Amino acid sequence: MAFPNKITPEEESGPRWDYFEHFFLYLAIPILYFFSKGAYLNRIIKKTYQIFLIGLLFACLTELQQFFIEGRTFNPVDLVLNTSGFIIGIPIGRILSKKLKIA
């Protein structure tokens, strides 16, 4: 949520909480995909590289839309965390679903 009148200090000490949120929320997307056995998307998505490409596109588009929302700004760190969380989530999801015999 945008707060245009919020006063923030010039230098924030330590990592910001929203950075963790970006990473772990996008990490959860592919894990949940594999746990749901594709949730009927497996009719469209046949290969892991397709999951990878669709996820990267989604992660990029959700961050790039910040350009068009008044009061919001694009943050390249958020984009990196979105994509890295998704990329790391794919092998974790595959491994967990196989270990837990979900897939």
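Throughout what follows, the structure given in this document is the object of discussion. Computed from a predicted structure; not experimentally measured.

1. Considering the packing of aromatic side chains
Aromatic rings considered in pairs are described by the distance between their centres and by the relative angle of their planes. For the coordinates displayed, the defined rule picks out five aromatic pairs. Summarising the aromatic geometry, the rings of Tyr33 and Phe34 are spaced 5.4 Å apart at their centres and angled 80° between planes, so their arrangement reads as edge-to-face. Note on Phe67 and Phe74: the rings are 5.1 Å apart at their centroids and 20° apart in plane angle, and the pair reads as stacked. Residue Phe74 is classed as partly exposed on the basis of its relative accessible area, which comes to 25%.

2. Looking at helix H1 (residues 17–35)
For H1, which comprises 19 residues, the first-to-last C-alpha distance of 27 Å matches the rise-based estimate of 27 Å (1.5 Å per residue) to within 8%. Turning to H1, its buried residues are His22, Phe23, Tyr26, Leu27, Pro30, Ile31, Tyr33 and Phe34. Looking at the packing, one finds that the buried side of H1 touches helix H2 (48–64) and helix H3 (76–99).

About the cut-offs
- Residues numbered from 1 in each chain as written.
- Predicted model: local features only at pLDDT ≥ 70, side-chain atom pairs only at ≥ 80, totals over all residues.
- Heavy atoms only, no water.
- Phe/Tyr/Trp six-rings, centres within 6.5 Å; stacked < 30°, edge-to-face > 60°.
- Buried < 20%, exposed > 50% of the residue type's maximum accessible area, 1.4 Å probe, protein only.
- Helix = DSSP H or I, 4+ residues; strand = E, 2+ residues; numbered from the N terminus.
- Expected span 1.5 Å × (residues − 1).
- Contact = heavy atoms within 4.5 Å.

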